Protein chains: 2
Amino acid sequence: MSISERIETAITAALRRHQGKSAPPRLGAALYYACTPGGARIRPTILTSVALACGDDQPRLTDAAAASLEIMHCASLVHDDLPAFDDADLRRGKASVHRAFSEPLAVLAGDSLIIAAFEGLIRAAEIDPVRAIQLMAILSERSGMPNGICAGQGWESEEKIDLSAYHRAKTGALFIAATQMGAAAAGQDPEPWEELGARIGEAFQVADDLRDVLLDEEELGKPTGQDDRLGRPSAVSELGVEGASARLDAILAGAIASIPSCPGEAMLAEMVNRTAAKLAPRVKTDRPNS
Amino acid sequence: MSISERIETAITAALRRHQGKSAPPRLGAALYYACTPGGARIRPTILTSVALACGDDQPRLTDAAAASLEIMHCASLVHDDLPAFDDADLRRGKASVHRAFSEPLAVLAGDSLIIAAFEGLIRAAEIDPVRAIQLMAILSERSGMPNGICAGQGWESEEKIDLSAYHRAKTGALFIAATQMGAAAAGQDPEPWEELGARIGEAFQVADDLRDVLLDEEELGKPTGQDDRLGRPSAVSELGVEGASARLDAILAGAIASIPSCPGEAMLAEMVNRTAAKLAPRVKTDRPNS
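The structure presented is a predicted model; accordingly, all values stated were derived computationally and were not measured. Counting starts from 1 at the beginning of each chain's written sequence and moves along it residue by residue. The naming scheme follows written order: chains are lettered A onward, ligands numbered 1 onward. The model is predicted, so local features are restricted to residues of pLDDT at least 70 and side-chain atom pairs to those at 80 or more, both for listing and for counting; the totals for chains, interfaces and linings are taken over all residues. In computing side-chain properties, one takes all heavy atoms of the structure into account and sets aside hydrogens as well as water.

K.L.:
Any chance you could break down the overall build of chain A for me, citing the residues and the numbers?
P.N.:
Strands here are runs of E lasting at least two residues and helices are runs of H or I lasting at least four, both read from the DSSP assignment and numbered beginning at the N terminus. Counting its secondary structure elements, chain A contains 14 helices and 2 strands. Both definitions apply: the radius of gyration is a C-alpha atom measure, and the globule rule equals 2.2 Å times residues to the power 0.38. In terms of overall dimensions, chain A is globule-like: its C-alpha atoms have a radius of gyration of 18 Å, near the 19 Å expected for 290 residues. Principal-axis analysis of the C-alpha atoms places the extent of chain A at approximately 55 × 50 × 35 Å. Taken over 290 residues, chain A has a buried fraction of 59%. Each residue is assigned to one of three classes by its accessible area relative to the maximum for its type, calculated with a 1.4 Å probe on protein chains only: buried under 20%, partly exposed between the two thresholds, exposed over 50%.

Shown next as structure tokens:
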């Protein structure tokens, strides 16, 4: 099975038990809607790639970890799209969850998905309890407070933003979770994998800033110009399009250099480049550089 | 230390690490605000009482479980109060989280507290990994979909409500979690403890319906008449005040009869009666029976 097939199979399996006959059907449908069809599935792809590079001796555990990470990510998207935050009508080219269902169901879908993310790892404890607990510890650390994506989003409600803590938590956290959970799922020490995740997260942030400026709404599958409209800090507003592109290249080089020594080192370097190519739009210099 | 001191100490300890210097301070404050000062702390009190009745041989694990359960409950209150649900200005006699902070911070506080609830048990795995995993499994089962409090709240968005699934999930779930987690924390099989939790949950639901009709806003610490206003099913609208009071007594008798045989059986029966006395308002028959 390809990495992508493994991920889709694992996500579908994780969501299946939420569609039972005792479940409220609309909320069950909202959970499924929020997670499928997916975007690029970048985080679970990184996770699975790192696990493979480390030997992937417990593939069922890797798959459970990949599904949990992506489900947590989808939960954050559902809540970020709410009227109180981005008030986004579109996500991944279709109506956001609160538009397609309702605001109450979007709040509950996010909550249920956060819990489902942990549940998948709790069930995976029967495969290997020690690794499962380690995976849960990484996931909670990088999702909640004080260092996870909730903290990252929380910085947007502060008058004085700690920009480095903001970016590390808001975008970096789930990429760090991806590399560290991949290593942990394969029985390796997750600690040396933090830097790779952090650098991929930085690259993603810069690529996202570029996409926000360079792509149109149809290509992006969600509204463009959001950073500018919401006054959010952006690499493009700081460095311009070409400066941001150069920075992206430098970060990617650093990411590749940071890959810990392991059997799949070369494969991982290629994965980083492939991911970057998928994410970063080609710079069209005839577009306005704003 | 009394049960109540144990619970407060454990909750404060669980929240302390969310106030670190890398955390966005307002969100950190919102988490603390959402959990303290507490209400009656009924769920963790039941959990700790059951653990004590079963020997409580790992009190640190019991305390972590009690804190996690209460934190999950507080998370659900923060989200239930949001404008998209009850739009409540008051909770526990002070402004609800979205009124005191903001709607974005209330959404994030709820999310962060759900994650913190799991985090507390993940950290407790160092005390006893097998029991900690069992505790997490109970907590996730009774919080998420398809049988937990998210599912219960989700039923309110359905055109056709499965009333029994609705009550079991909306109110019963965290009481079942309380009795089962108490047993699991003390190393006992949680399964026989489900019925006690379910019956306490039913009693709580009827008592809550009575309070909604019989108390005024100041006594209740939140708006009254909510069930009627929101068209929610209620034991009082179904049976009248006296009928609902009689039903409450019958449920409590059943709860006490269902207590599994254990060293602390008599103490637990007393706890059930004490909890009921705290919850159920005295019926004043000169009040309108509506």
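The discussion continues.
K.L.:
Tell me about the packing of aromatic side chains, and name the residues and values.
P.N.:
Residues and elements named next belong to chain A. Between rings of Phe, Tyr and Trp, where Trp is taken as its six-membered ring, a pair exists when centres lie within 6.5 Å; planes separated by under 30 degrees are stacked, by over 60 edge-to-face, and by other angles tilted. Tallying each qualifying case throughout the model produces 5 aromatic pairs over all chains. Consider the rings of Y33 and F101, whose centres lie 5.3 Å apart with planes at 75 degrees: the pair is edge-to-face. Of this pair, Y33 sits in helix α2 (residues 25-35) while F101 is found in the loop between α5 (97-100) and α6 (103-124), placing the two residues 68 residues apart along the sequence.

K.L.:
Kindly report on the packing of helix α7 (residues 129-143) of chain A against helix α6 (residues 103-124) of chain B, identifying the contributing residues and their values.
P.N.:
The geometry of α7 of chain A relative to α6 of chain B is characterised by a closest axis approach of 10 Å and an angle of 145 degrees between their N-to-C directions. The interaxial crossing formed by α7 of chain A with α6 of chain B has left-handed handedness. Contacts between α7 of chain A and α6 of chain B pair I133, M136, A137, S140, E141 and S143 of chain A from the former with I115, E119 and I122 of chain B from the latter. Gly is placed with the polar residues, together with every amino acid not listed as nonpolar (Ala, Val, Leu, Ile, Met, Phe, Trp, Tyr, Cys and Pro) or charged (Asp, Glu, Lys and Arg). Grouping the amino acids of the contact of α7 of chain A with α6 of chain B by side-chain chemistry returns 5 nonpolar, 2 polar and 2 charged. To obtain an axis, a line is fitted to C-alpha atoms, over the contacting stretch when the element is a helix, and the angle between two such axes runs from 0 to 180 degrees between their N-to-C directions. Working rule for handedness: look at the near helix, and if it is turned counterclockwise from the far one by less than a right angle, call the crossing left-handed; if clockwise, right-handed. By definition in these notes, contact holds between two residues if any of their heavy atoms fall within 4.5 Å.

K.L.:
Lay out the interface of chain A and chain B in plain terms, naming residues and giving numbers.
P.N.:
Facing the 46 residues of chain A at the interface are 46 residues of chain B. Summing both partners gives a buried area of about 4,300 Å² for chain A against chain B, and 71% of it is carried by carbon and sulfur. In what follows, salt bridge is the name for a side-chain nitrogen of Lys or Arg lying within 4 Å of a carboxyl oxygen of Asp or Glu. Across the contact surface, chain A and chain B share 2 salt bridges. Here E141 of chain B makes a salt bridge to R17 of chain A, at a shortest N to O gap of 3.5 Å. Two N or O atoms form a polar contact when they lie within 3.5 Å of each other; inside protein one atom must be a possible hydrogen donor and the other a possible acceptor, and for residues adjacent in sequence the pair counts only when both atoms belong to side chains. On the surface where chain A and chain B come into contact, there are 12 residue pairs in polar contact (both at pLDDT 80 or more). If you list the elements that add at least two residues to the side of chain A that touches chain B, you get α2, α6, α7 and α8 (149-155) of chain A. Summed over both partners, the accessible area (1.4 Å probe) lost when two parts come together is defined as the buried area.

K.L.:
Tell me about the nonpolar core, and please be specific about residues and values.
P.N.:
Here, nonpolar core means buried Ala, Val, Leu, Ile, Met, Phe, Trp, Tyr and Cys residues that are tied together by side-chain atoms lying within 4.5 Å of each other. Of all hydrophobic cores here, the largest spans 186 residues; its most connected members are F118, M181 and W193 of chain A together with F118, M181 and W193 of chain B. With residues near it in sequence (within four places) discarded, W193 of chain B still touches V50, C54, T179, Q180, A183, I259, P260, C262 and L268 of chain B.

K.L.:
Kindly report on the relation of the copies chain A and chain B, identifying the contributing residues and their values.
P.N.:
The copies are overlaid by a least-squares fit using only the C-alpha atoms of residues whose pLDDT is at least 70 in both copies. Least-squares fitting of chain A to chain B yields an RMSD of 0.0 Å, with the transformation described by 0.0 Å of translation along the axis and a rotation of 180 degrees. Between the two chains, the operation in question is that of a two-fold axis. Among all residues of chain A, the one whose C-alpha sits closest to the rotation axis is D111 of chain A, at a distance of 3.3 Å. Of all interface residues in chain A, 100% are interface residues in chain B too; the two copies therefore contact each other through one and the same surface.

K.L.:
Before we move on, can you summarise the state of the cysteines with the specific residues and values?
P.N.:
The definition used for a disulfide is geometric: two cysteine sulfur atoms within 2.5 Å. A full pass over the atoms with the stated rule returns 0 disulfides over all chains. Its sulfur unpaired, C150 of chain A is 14 Å from the next cysteine sulfur, which belongs to C35 of chain B. Using a relative accessible area of 7% as the deciding quantity, one classes C150 of chain A as buried. Distance from the sulfur of C35 of chain B, which forms no disulfide, to the nearest cysteine sulfur (C74 of chain B) is 4.0 Å. On the basis of relative accessible area, C35 of chain B is assigned to the buried category, the value being 1%.

K.L.:
Give a detailed account of unusual backbone geometry, specifying residues and quantitative values.
P.N.:
Cis peptide bonds are those with omega within 30 degrees of zero, and the linkage from M145 of chain A to P146 of chain A qualifies with 0 degrees. The topology assignment puts P146 of chain A in the loop between α7 and α8. Positive phi values are uncommon outside glycine, yet R92 of chain A reaches one of about 50 degrees. Mapped onto the fold, R92 of chain A is located in the loop between β1 (90-91) and β2 (94-95). The residue R41 of chain B is not glycine, and still its phi comes out positive at about 55 degrees. Tracing the chain through its elements places R41 of chain B in the loop between α2 (25-35) and α3 (42-53).

K.L.:
Account for helix α13 (residues 235-257) of chain A, with residues named and values stated.
P.N.:
Residues and elements named next belong to chain A. How far a helix is expected to stretch is found by multiplying one less than its residue total by 1.5 Å. Helix length check: α13, at 23 residues, gives a terminal C-alpha distance of 22 Å against a target of 33 Å (1.5 Å per residue), a shortfall beyond 12%. The angle between axes fitted to the seven residues ending at a residue and the seven residues starting there is what we call the bend at that residue. The largest bend along α13 reaches roughly 95 degrees and is located at V241. Of the positions making up α13, those classed as buried are A235, V236, G240, V241, A244, S245, L248, I251, L252, G254 and A255. Structurally, α13 contributes buried residues whose contacts are with α10 (194-214) and α14 (265-279). The N-cap of α13, judged by a side-chain oxygen 3.0 Å from the amide nitrogen of V236 a few residues on, is S234.

K.L.:
Tell me about the side chain of H98 of chain A, residues and numbers included.
P.N.:
All names here are of chain A. One can find H98 in helix α5. For H98, a relative accessible area of 7% translates into the label buried. Look past the residues within four positions of H98 in its chain and what remains in contact with it is D81, L82, P83, D87, A88, E103 and A106.

K.L.:
Explain the side chain of S96 of chain A residue by residue, including any values.
P.N.:
Residue and element names in this part refer to chain A. With respect to the secondary-structure elements, S96 resides in the loop between β2 and α5. Overall, S96 belongs to the buried group, its relative accessible area being 1%. Within the local environment of S96, its side chain forms a polar contact with the backbone oxygen of A88, the two atoms lying 2.6 Å apart. Excluding its chain neighbours within four sequence positions, the residues that come into contact with S96 are Y33, D81, A88, D89, L90 and R91.

K.L.:
So what's going on with the packing of helix α1 (residues 3-16) of chain A against helix α4 (residues 59-80) of chain A? Residues and values would help.
P.N.:
Residues and elements named next belong to chain A. For the pair α1 and α4, interaxial distance at closest approach is 8 Å and the crossing angle is 70 degrees. In this view, α1 runs roughly perpendicular relative to α4, as classed from their interaxial angle. Along its contact with α1, which presents R6, I7, A10, I11, A14 and L15, the element α4 presents P59, T62, D63, A66, A67, E70 and I71. Its residues assigned to classes, the contact of α1 with α4 shows 9 nonpolar, 1 polar and 3 charged. An angle below 35 degrees is treated as roughly parallel, one above 145 as roughly antiparallel, one from 65 to 115 as roughly perpendicular, and anything else as oblique.

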